[in-house]
Amino acid sequence: MKESYVDLVNIRRKVFALIAKMAYEDADLNELEKASYDLIPGEIATYRESIFRERAIIEERLRLTMGLDARHMNEFTRVTDGIDEINVNEIKINLPLVNVITFACEACPTRAFQVTDNCRKCLAHPCTNVCPVNAVSIGKDRAIIDKEKCIKCGKCKEACPYSAIVEFHRPCAFVCGVNAIESDYLGRAKINEEKCVSCGRCVIQCPYGAIADKSQIYQVVKGLKNKENMYAIIAPSFIGQFGVLASPIQIVEGIKQLGFKDVVEVSLGADITTLHEAKEFIEKVPEEMPFMGTSCCNSWALMVEKMFPEQYEYISDSSSPMVETAKYIKKKDPDAIITFIGPCISKKLEALREDVKDYVQFVLTFEELMGIFVAKDIELSEIEVDKEIQDASTLGRGYAVAGGVAEAVKKTAQLLDPLREINVECASDLHDCVRLMRLAKAGKKNNYLLEGMACPGGCIAGPGTLASADRVKKSVMEFKNQSVYKNPLENDIIDDELRH
Amino acid sequence: MKIKVCMGSNCTLLGAMNLLDQIEDLKGILESNDEKYNDEKLEIEPVTCMGYCKKMGTGISPVVMLDGDIIFNATGQIVMEKIMDKKIKD
């Protein structure tokens, strides 16, 4: 879906590249006041009814990308208001992370059933016959659904022989797995912060580009210019994200050329998480916990915390691969400043947690990193390098794809305890995650290892990706097989103690 | 028919991989309906930065070359239509 939103995707990414460029050039931030004229030149609107509105929305994107809060349209605010607090290189993201750009939102109607031109007012008119509340009648031109009466059961849609009745969704609310999208007094989308788990699906699904998250592009680039000890850790789904010709090692070298001291695969942290979770499962299930949920996806863990508080203790207390990788670097260089680069928006939130904030300072998405590559004029596929990266095992690299986490934990647990039988169930998509947790709560998943991922298909379909999930899936498979370690127990970068 | 899709940084930022996906999909559609079209083969090649954006400035990515003809600000719509024009039987 997302890839076909070409114009929206490009606007978002042009803003990323522009902010990165401003940071590299130490540009006067007052330039932001007129940046929307560079991004949307001329006098004629291209995307919406008015170029003034287009520019106002771009300005909001500039603000959010800088890490500033979204503005309210009922008060005068300059594009750069609040910039002084942001113009330092260690600023943390201010909540909320995911924001509705209210004046970009078209206040789409909420879910409803609608009769289209396909209706032939047929003699059988099953739509009226099957309606349990007598809401469908035959009008002058077509069937009519009485919105007051309709209970949205969908029976009329199923019964129509001409496919004349369609179900209509508000795209942001439809993809939200935790029902966090509500409406404000003008019918525009409003995010309920109590419910939102920052998975980012609404950000990429809104056809008007009215939802955006904050970024740390500016702060990372400033850090790279001024500090020696910046490290990047890169999520397992990075393979193939930056153009089909850029090899994994070229991506790593390209990141180093931006000024990072070193780059480590987060798959290494995945190996460490796997070892912890495998041991935890063997030790605690079923005596101390009836089932165990994986811990790597922040949105999944947050969803369980918010919607199933009594079961939250059954989510593994192992740190996520991001945190484990950062801990590994911090052990060697206690002054390291660490940037996580991944497909994920939710990691930006995870990095703010009390127990995480000392390890991970910055979080970038692949899209944001691509903007930085462009700003710095780096052509990844032309970098000459004949090294290879071997930080992680085949199983660790598999974390990027749905099912990969459970597979890694299961196989490792069985290597540690060959007689142990382990049942596994995976959900990838927040709706499925909620369904799975309902079953688990009802006692139907006892003895199970439950893998939850908020994005459909796993991290490879995260909101911050550039390449299609299918393409990345193939590349990840290839990269997995290039690992010299089959499983985390063989990975000799990891402490011996943990591997036994 | 030779189609070069630029995979330079600018083009990748602005959707070159999506273009490549679309052209590869189109190739699949053409091959499964081959009796309708002429038998010119689609050769799709992702290439390193062709350098146009470096010379001419931004505002031209993504770039696609179709049988030597350069297409700036390439969209799936434009490129696929041009490919289809060349596949129509005389």
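Residues numbered from 1 in each chain as written. Chains lettered and ligands numbered in written order. Predicted model: local features only at pLDDT ≥ 70, side-chain atom pairs only at ≥ 80, totals over all residues.

Asks: Outline the overall build of chain A, supporting the account with residue identities and numerical values.
Replies: Scanning chain A from N- to C-terminus turns up 19 helices and 15 strands. Taken over the C-alpha trace, chain A has a radius of gyration of 25 Å; the compact-globule value for 500 residues is 23 Å, and the two agree within 12%. If you line up chain A on its principal axes, its C-alpha atoms span 75 × 65 × 40 Å. Looking at chain A residue by residue over its 500 residues, the buried ones come to 50%. Within chain A, contacts between residues separated by at least 24 positions form 75% of all contacts whose residues are at least 6 apart in sequence. (Helix = DSSP H or I, 4+ residues; strand = E, 2+ residues; numbered from the N terminus. Rg over C-alpha atoms; globule rule 2.2 N^0.38 Å. Buried ≥ 20, exposed ≤ 12 C-beta atoms within 10 Å, placed from the backbone. Contact = placed C-beta atoms within 7 Å.)

Asks: Describe in detail the interface of chain A and chain B, supporting the description with residues and values.
Replies: On the chain B side, the residues contacting the 23 residues of chain A number 17 residues. Elements represented by at least two residues in the side of chain A that touches chain B include exactly helix 1 (6–24) and helix 15 (366–375) of chain A. In terms of residues, the side of chain A that touches chain B owes the most to one element, helix 1 of chain A, which gives 5 residues. Residue composition of the side of chain A that touches chain B, by class: 13 nonpolar, 5 polar and 5 charged. (Nonpolar A, V, L, I, M, F, W, Y, C, P; charged D, E, K, R; others polar.)

Asks: Before we move on, can you summarise helix 17 (residues 404–416) of chain A with the specific residues and values?
Replies: The end-to-end C-alpha distance of helix 17 of chain A is 18 Å, a good match for the 18 Å that 13 residues give at a rise of 1.5 Å each. For helix 17 of chain A, the elements touching its buried residues are helix 11 (266–284), helix 16 (394–397), strand 14 (423–428) and strand 15 (448–453) of chain A. (Expected span 1.5 Å × (residues − 1).)

Asks: Explain the environment of Met322(A) to me, and be specific about the residues and the numbers.
Replies: Residues and elements named next belong to chain A. By secondary structure assignment, the location of Met322 is in helix 13 (residues 321–332). In this structure, the C-alpha to C-alpha distance between Met322 and Val356, residues 34 residues apart in sequence, is 9.4 Å. The residues contacting Met322, other than those within four sequence positions of it, are Ile233, Val266, Gly269, Phe340, Lys347, Glu350 and Val360.

Asks: Explain the sheet that holds strand 15 of chain A to me, using residue names and the numbers behind them.
Replies: The pairing of strands in a sheet happens through backbone hydrogen bonds and is either parallel or antiparallel. Residue and element names in this part refer to chain A. Spatial strand order, 11-15-14: 3 strands in an open sheet with parallel pairing. Whereas interior strands pair on both sides, the edge strands pair on one side only; in this sheet they are strand 11 (292–293) and strand 14. Examined bridge by bridge, strand 11 and strand 15 share 2 bridges and lie parallel to one another. What sits directly across from Met292, in strand 15, is Leu449. (Pairing = 2+ DSSP bridges.)

Asks: Run through the nonpolar core, naming residues and quoting values.
Replies: Inside soluble globular proteins, nonpolar side chains tend to come together where they are buried. All names here are of chain A. The biggest cluster of nonpolar side chains holds 161 residues, and the ones touching the most others in it are Ile19 and Ile233. Residue contributions to this core peak at 8 residues, all from helix 1. Both domains that meet at this core, namely domain 1 (2–104 + 179–218) and domain 3 (227–499), each give it at least three residues. Contact partners of Ile19, with chain neighbours within four places excluded, come to Leu62, Thr65, Met66, Ile217 and Tyr218. Counting residues in each nonpolar core, the second largest holds 13 residues, with Cys131, Ala135, Ala143 and Cys156 among its members. (Core = buried A, V, L, I, M, F, W, Y, C linked by C-beta atoms within 7 Å. Domains from an automatic or database assignment.)

Asks: Outline the packing of helix 2 (residues 16–32) of chain B against helix 4 (residues 76–87) of chain B, listing residues and values.
Replies: All names here are of chain B. In the contact formed by helix 2 and helix 4, the axes pass within 10 Å of each other and the chain directions differ by 30°. When the interaxial angle is binned, helix 2 and helix 4 end up roughly parallel. The handedness of the crossing between helix 2 and helix 4 comes out as right-handed. Contact with helix 2, carried on its side by Leu19, Gln22, Ile23, Leu26 and Leu30, involves Gly76, Val79, Met80, Ile83 and Lys87 of helix 4 and no other residues of that element. The residue makeup of the contact of helix 2 with helix 4, split by class, is 7 nonpolar, 2 polar and 1 charged. (Axes fitted to C-alpha atoms, helices over the stretch in contact; angles between N-to-C directions. Parallel < 35°, antiparallel > 145°, perpendicular 65-115°, else oblique. Left-handed = near helix turned anticlockwise from the far one by under 90°.)

Asks: Run through the pairing of strand 9 (residues 230–234) of chain A, naming residues and quoting values.
Replies: Residue and element names in this part refer to chain A. Within strand 9, 5 of the 5 residues are buried, which leaves it mostly tucked inside the rest of the structure. A two-sided burial pattern is seen for strand 9, the buried positions comprising Met230, Ala232 and Ile234 on one face and Tyr231 and Ile233 on the other. Examined bridge by bridge, strand 9 and strand 12 (residues 337–342) share 5 bridges and lie parallel to one another. Within strand 12, the residue paired with Tyr231 across the bridge is Ile338.

Asks: Describe the sheet that holds strand 9 of chain A, and please don't skip the residues or the numbers.
Replies: All names here are of chain A. Strands sit in the order 10-9-12-13 across an open sheet of 4 strands; the sheet is parallel. Edge strands, defined here as strands with exactly one partner in the open sheet, are strand 10 (262–265) and strand 13 (362–365). In this sheet, adjacent strand axes meet at a mean angle of 25° when their direction is disregarded. As defined by bridge partners, strand 12 adjoins strand 13 across 4 bridges and the pair is classed as parallel. The residue bridging Ile341 from the neighbouring strand is Leu364, located in strand 13.

Asks: Hey, could you go over the environment of Lys222(A) for me, with residue numbers and the actual values?
Replies: Within the element layout of this structure, Lys222(A) appears in helix 9 (residues 217–226). Expressed as a C-alpha distance, the spacing of Lys222(A) and Ile101(A), which sit 121 residues apart in the sequence, is 26 Å.

Asks: How would you summarise the confidence of the model for chain B if you had to cite specific residues and measurements?
Replies: When pLDDT is averaged across chain B, the result is 93; 99% of the residues are at 70 or more. As scored by the predictor, the complex reaches a pTM of 0.95 and an ipTM of 0.96. (pLDDT = per-residue confidence, 0-100.)

Asks: Now, about the environment of Ile145(A): what can you tell me, with residues and values included?
Replies: Residue and element names in this part refer to chain A. Secondary-structure assignment places Ile145 in strand 4 (residues 143–145). Put simply, Ile145 and Ser183 are 38 residues apart on the chain and 23 Å apart in space, counted from C-alpha to C-alpha. The contacts of Ile145, once residues within four sequence positions are left out, are Phe113, Val115, Ala135, Val136 and Cys150.

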